[in-house]
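# Coordinate analysis (summary)
Single-letter residue listing:
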Amino acid sequence: MKMKTGFKTILALSLCFIMAATFMSCGKATIESLALAPTNVNVAVNTVIQFQATGSESNGVTNANLNTQVTWSSSSSAVATVNGSGLVTTVGAGTTTITATAPGNIITATATLSVTVPTTDTFLVGTNPSGIAIDSAGDVWVTNHGGSTVTELNSSGALLGTFTVGTNPSGIAIDSAGDVWVTNHGGSTVTELNSSGALLGTFTVGTDPSGITIDTSGDVWVTNQGGSTITELSSTGTQLGTFTVGTNPSGIAIDSAGHVWVTNQGSDTAPGSTVTELSSSGIQLGTFTVGSEPHAVRIDTAGSVWVTNYGSAAVPGTTITELSFDGVTLNTFTVGNNPGGIAIDSTNNVWITNYGSNSVTVWTGVATGPQFRPYTGPVWP
């Protein structure tokens, strides 16, 4: 029987459609592995956090963003809730498990979320406290920018000593030997003290040195706020190099991947209310918005990035911001006027200097871990 042309055309198109649909169904990628980030995090109540589900797929794609392909759940809605794209809202104190489940319920990934109701204390120190660091005994060292001194407190806030350094001390760091390094903002120098406060040396750096950190080799890195550069010193104070960065760099920290985080107090972006992440070779990995005129930056062992929002003399900042490792804002905490320095102790307490209030604020147990230190030695963790 002779088939009409129109029918043949319809039949051919139908077969093509069926074959295409079958091919697309067979070729649809399935999830083969799944991971969540962050994996374990401590946050305060009334916080919003974006979790990320990543994994590999059967089509060969690795590290794919799977947030909208998985099903999200929280083991305790009284602690935190989660929506269909992994956005978590904390509700009350306690611990919950956030779970992402791939289609078919075969593959899952989990993360532990601890939620606390934080408390705070405030201690008076010297004039215009700026930088802050914590030693292996848990004692707290504070630079007094307006008094050219460093104050040592114990973990309860009691005064242990006051030591003279250079003009307008700003940043402070403690090395693996327990020696204390201080940037003298008004003198273009760095002072090194031993753990008893005795002077070990004074070394020249750039203009208006501000932030300071120490890398895995024991080298000392200093931001020169007045020169838009960073100076690298050896552990003996020898100048190893000077590197150009953004406008008025202030705080500096190094994370577990060797990435460098710098606060841009005077850059033209947003306006200067950002923190930049660089690779160990200086490649820019990201710039993230925080509060007004960010000053200091520190990183905890879980990878969270903590930034003080200094503000200005006319309009003082009064907050600190906690970011996730990928720049998502986790928390904002209120402190005193013009928060300058920040440090995190071994029990996850966050210490902040309030430049405009002549005080130190302590938020208890709010960090996701103690402060990360890229070098080894007689200091925690």
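Below is a short write-up of the structure.

Rules used throughout
Residues numbered from 1 in each chain as written. Predicted model: local features only at pLDDT ≥ 70, side-chain atom pairs only at ≥ 80, totals over all residues. Heavy atoms only, no water. Helix = DSSP H or I, 4+ residues; strand = E, 2+ residues; numbered from the N terminus. Polar contact = N/O pair within 3.5 Å; in protein donor to acceptor, adjacent residues only side chain to side chain. Contact = heavy atoms within 4.5 Å. Pairing = 2+ DSSP bridges. Axes fitted to C-alpha atoms, helices over the stretch in contact; angles between N-to-C directions.

## A few points about the side chain of T183
- Considering the arrangement of structural elements, one finds T183 in strand β17 (residues 180-184).
- At a separation of 2.6 Å, a polar atom in the side chain of T183 contacts the main-chain amide nitrogen of G171.
- Leaving out residues up to four positions away in the same chain, T183 has contacts with N168, P169, S170, G171, T189, V190, P209, S210, G211, I212 and V222.

## Observations concerning unusual backbone geometry
- With an omega of -5°, the peptide bond between A37 and P38 qualifies as cis.
- With respect to the helices and strands, P38 occurs in the loop between β1 (35-37) and β2 (40-44).
- In this model, E293 sits at a positive phi of 45°, which is unusual for a non-glycine residue.

## So, the sheet that holds strand β25 (residues 260-264)
- Strand order in the open sheet made by the four strands is β24-β25-β26-β27, with antiparallel pairing throughout. Bordering the open sheet on either side are β24 (249-254) and β27 (284-289), each of which pairs with just one other strand. Put simply, the sheet's adjacent strands are angled 20° from each other on average, direction ignored.
- Sheet topology note: the β25/strand β26 (residues 274-278) ladder contains five bridges and is antiparallel. If you follow T263 over to β26, its bridge partner there is V275.

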